[in-house]
Amino acid sequence: QVQLVESGGGLVQDGNSLRLSCAASGHTFSYYIMGWFRQAPGKDREFVAAIRWSDGTAYYADFVRGRFTISRDNAKSTVYLQMNNLKPEDTAVYYCTARSSPLLSRNPNEYDFWGQGTQVTVSS
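Predicted model only: the values in this text are computed from it and were never measured. All chains use their own residue numbering, which begins from 1 and follows the written sequence. Note on the predicted model: pLDDT of at least 70 is required for a residue's local features to be given, and 80 or more for side-chain atom pairs to be given and counted; whole-chain, interface and lining totals, by contrast, use all residues. To obtain the side-chain values, all non-hydrogen atoms of the structure were used and water was disregarded.

What follows is about the nonpolar core. For this analysis, a nonpolar core means a set of buried residues of the types Ala, Val, Leu, Ile, Met, Phe, Trp, Tyr and Cys, connected via side-chain atoms within 4.5 Å. Note on exposure labels: buried denotes an accessible area under 20% of the residue type's maximum, exposed denotes more than 50%, and partly exposed covers the range between, all computed with a 1.4 Å probe on protein chains only. Of all hydrophobic cores here, the largest spans 37 residues; its most connected members are Leu4, Met34, Trp36, Leu81, Met83 and Tyr94. Mapped by element, the contributors of at least two residues to this core are β3 (18-25), β4 (33-39), β5 (46-52), β6 (58-60), β7 (68-73), β8 (78-83), β9 (92-99) and β11 (118-123). Strands are runs of DSSP state E lasting at least 2 residues, helices are runs of H or I lasting at least 4, and numbering of each runs from the N terminus. In terms of residue count, the dominant contributor to this core is β5 (five residues).

Written as structure tokens, this is what we have:
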């Protein structure tokens with residue numbers, strides 16, 4: 001079983017930055033995709049970014065490209081989401097997730113494990 005624990009959310013002003021962390025445990029991640037999704041009130045959960053654990057290949061949603069960076073630290077079994085130039089529309093609960101396949105998916109239904117989520121609020 002995989003356990004994912006997010007941290008790093010909070011309240012920031014428009015244009016500021018946050019770094020989210022996701023500590024993973026319980027299974028080897030050599031063939032996993034690790035991802036971040038977000039869900040705002042009244043909206044569907046949407047793909048933000050993902051990274052292939054084995055080689056670090058990263059994928060981004062168009063609306064965060066150039067502002068967000070996903071990375072991983074193999075030694076710490078931790079995935080990060082560096083979020084710069086945050087906007088009020090980035091306000092959401094951000095979820096860390098893992099997929100037991102090396103293939104990217106932007107469909108939340110194709111991910112196997114989820115963290116509890118961390119709230120990010122960007123004020124204007």
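Following the structure, the description resumes.
Looking now at the sheet that holds β7. Two strands pair under a simple rule: DSSP has to find at least two bridges between them. Strand order in the open sheet formed by four strands is β1-β3-β8-β7, and the pairing between neighbours is antiparallel. The open sheet has two free edges, formed respectively by β1 (3-7) and β7, since each of these has just one partner strand. For this sheet, the mean inter-axis angle between neighbouring strands, taken without regard to orientation, is 15°. Here β7 runs beside β8; their pairing, made up of six bridges, is antiparallel. For Ile70, the partnering residue across the bridge sits in β8 and is Leu81. With axes taken as lines fitted to C-alpha atoms, and helix axes fitted only over the stretch in contact, angles between N-to-C directions fall between 0 and 180 degrees.

Another point: the state of the cysteines. Here, two cysteine sulfur atoms that lie within 2.5 Å of each other are counted as a disulfide. Evaluation of the coordinates by the stated rule reveals one disulfide. Two residues, Cys22 and Cys96, share a disulfide whose sulfurs are 2.0 Å apart. Note on the Cys22 and Cys96 pair: the S-S dihedral is about -75°, so by sign convention the disulfide is left-handed. Here Cys22 is found in strand β3, whereas its partner Cys96 is found in strand β9, with 74 residues between them in sequence. Under the relative-accessibility criterion, Cys96 is labelled buried at 0%.

Turning next to the pattern of salt bridges. In a structure, side chains of opposite charge can pair up when their charged atoms sit close to one another. Basic side-chain nitrogens of Lys or Arg form a salt bridge, by our definition, when they fall within 4 Å of a carboxyl oxygen of Asp or Glu. Counted by the stated rule, this structure contains six salt bridges. Salt-bridge contacts for Arg52 lead to Asp55; the nearest nitrogen and oxygen are separated by 3.5 Å. Bridged by salt links that share partners, the residues Arg38, Glu46, Arg67 and Asp90 form one connected network.

Okay, the pairing of β4 next. With six of seven residues buried, β4 lies mostly within the body of the structure. Examined bridge by bridge, β4 and β5 share six bridges and lie antiparallel to one another. If you follow Met34 over to β5, its bridge partner there is Ile51. The sheet contact formed by β4 and β9 spans seven bridges and is antiparallel. Along β9, the bridge assignment pairs Phe37 with Tyr95.

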